[in-house]
Amino acid sequence: MDFNLKKLTSDAGVFFTRAVQFTEEKLGSAEKTELDAHLENLIARADCTKNWTEKIFRQTEVLLQPNPSARIEEFFYEKLDKKIPSRTTNGELLGQYMLDAAKDFGPGTPYGSTLITVGEYQSRLGGAEREFLQTSAINFLTPLRNFLEGDWRTISKERRLLENRRLDLDICKARVKKAKQAEAKAAAEPDFQETRPRNYVLSASASALWSEEVDKAEQELRVAQTEFDRQAEVTRLLLEGISSTHVNHLRCLHEFVEAQATYYAQCHQYMQELQKELSRYPNSFASNANPSTSATCPSPVSSATLPGVSPPCLASTSTPGHRKAKVLYDYDAHDTSELSLLADELITVYTVPGMDPDWLVGERGNQKGKVPVTYLELLS
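Residues numbered from 1 in each chain as written. Predicted model: local features only at pLDDT ≥ 70, side-chain atom pairs only at ≥ 80, totals over all residues. Heavy atoms only, no water.

By the naming in an unreviewed UniProt entry, the protein chain goes by Endophilin-B2 and is assigned to Oncorhynchus tshawytscha. We quote the UniProt Sequence similarities (unreviewed entry) comment for the protein chain here in full: "Belongs to the endophilin family." (UniProt positions renumbered as here; feature names shortened; annotations may be inferred.)

Once that is clear, we can look at the overall build of the protein chain. Assigned secondary structure in the protein chain consists of 7 helices and 5 strands. Relative to its full complement of 380 residues, the protein chain shows a buried share of 30%. Here the contacts in the protein chain between residues at least 6 apart in sequence split such that 68% fall between residues at least 24 apart. Working note: accessible area of the protein chain is about 24600 Å², and carbon and sulfur atoms make up 57% of it. (Helix = DSSP H or I, 4+ residues; strand = E, 2+ residues; numbered from the N terminus. Buried < 20%, exposed > 50% of the residue type's maximum accessible area, 1.4 Å probe, protein only. Contact = heavy atoms within 4.5 Å. Areas by Shrake-Rupley, 256 points an atom, 1.4 Å probe, with all protein chains shown as cover.)

Right, let's get into the side chain of T49. One can find T49 in helix α2 (residues 37–64). Residues in contact with T49, not counting those within four places in the same chain, are F147, I242 and H246.

Our focus in this paragraph is the side chain of T53. Mapped onto the fold, T53 is located in helix α2. Exposure remark for T53: the relative accessible area of 7% places this residue in the buried category. Not counting chain neighbours up to four residues away, the residues in contact with T53 comprise L144, F147, L148 and H249.

One pass over the full model with this rule turns up 8 aromatic pairs. Summarising the aromatic geometry, the rings of F105 and Y111 are spaced 5.2 Å apart at their centres and angled 25° between planes, so their arrangement reads as stacked. Of the residues examined, F105 reaches a relative accessible area of 46% and is grouped as partly exposed. Each ring, one from Y263 and one from Y264, has its centre 5.1 Å from the other, and the planes form 50°; the classification is tilted. Judged by its relative accessible area of 15%, Y263 falls in the buried class. Within the aromatic cluster, the residues linked to one another by ring pairs are F132, F140, F256, Y263 and Y264. One Lys or Arg, K55, reaches over the ring of W52 and ends 4.6 Å from the middle of that ring. The lysine or arginine in question, K370, covers the ring of W359, its NZ or CZ lying 5.3 Å from the ring centre. (Phe/Tyr/Trp six-rings, centres within 6.5 Å; stacked < 30°, edge-to-face > 60°. Lys NZ or Arg CZ within 6 Å of the ring centre and 35° of its normal.)

Moving on: the sheet that holds strand β3 (residues 359–364). Overall, antiparallel pairing links the 5 strands, which are arranged β4-β3-β2-β1-β5 in an open sheet. A single partner strand is all that each edge strand has here, and the edge strands are β4 (367–372) and β5 (376–378). The average undirected angle you get between the axes of adjacent strands in this sheet is 40°. (Pairing = 2+ DSSP bridges. Axes fitted to C-alpha atoms, helices over the stretch in contact; angles between N-to-C directions.)

The structure is reproduced here in structure tokens:
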């Protein structure tokens, strides 16, 4: 108990002297030992790395898991060293809802069968998202977290120790300076007006005491300088390791981008397959009624709107050269010269001299425009 009390008292005294030295430095009344320029640059670079790594890490967490409640839950699981429970992605949940709805609506109905197809692909998209989240967490988030919670904590600890060694060094320098000033004052020429021998004895004794105090302070200064230099070297080696950290994070960044590219390419492939699947289903909401023909002339289509097509009145379906065609797939017109199409509808088509063989002129009621041949099934 006595030992612990002595140690506690000693530590309190050291803390107090460091606090006094730090305060006097801030007030400008005490000298401060400056670190060398190389070490200062390493410290600034390390601080910059830490700050940006932390921001990138936090924002990546938001990107991968936008729900703040879920992020907090995962944080507590990590701190408690427990396995994070598997979480259903939004895509998988939506796909399950669609499949359940299809059972109630009837899988044999157009809406029910379409819900089944879309629900299956939504589940696939959710599975791709789950794989992307897991890959990104392992290959990108984990290395960043290891740096912030491991390497950076070690660097911060050694930097705090270096700062304490610097304060101790400056305290010793101040003590040496004060001791030398007192020694010089004690060794000053005595007042020869004073005739009492006792004063000469006291003066010589004080000079000897201050000389011993100077020697002791200088010895403490040498020890403090050695410890400061050793700690500065340890801190420098750790800070130079930031370059290796950058190389490691660069590799992790490439892996994160690769995971993103794989994920988005997979999603694009699924969506293309889904569009092809849906194009095979009849659109019950599309009107399949044959457009009535009229002998009246509709609004003419200018040659600028439909190149190579003159604006005669619409002819009946029995006009020579005009044929019926069934639309195989949906088609969105790219400009005003083209005609948008809906799968399974019937339109009238014909060709005009000089027109591209891959295109026909399509008519639907009063609408007219170019249509691609590959989207049509010509009927006899």
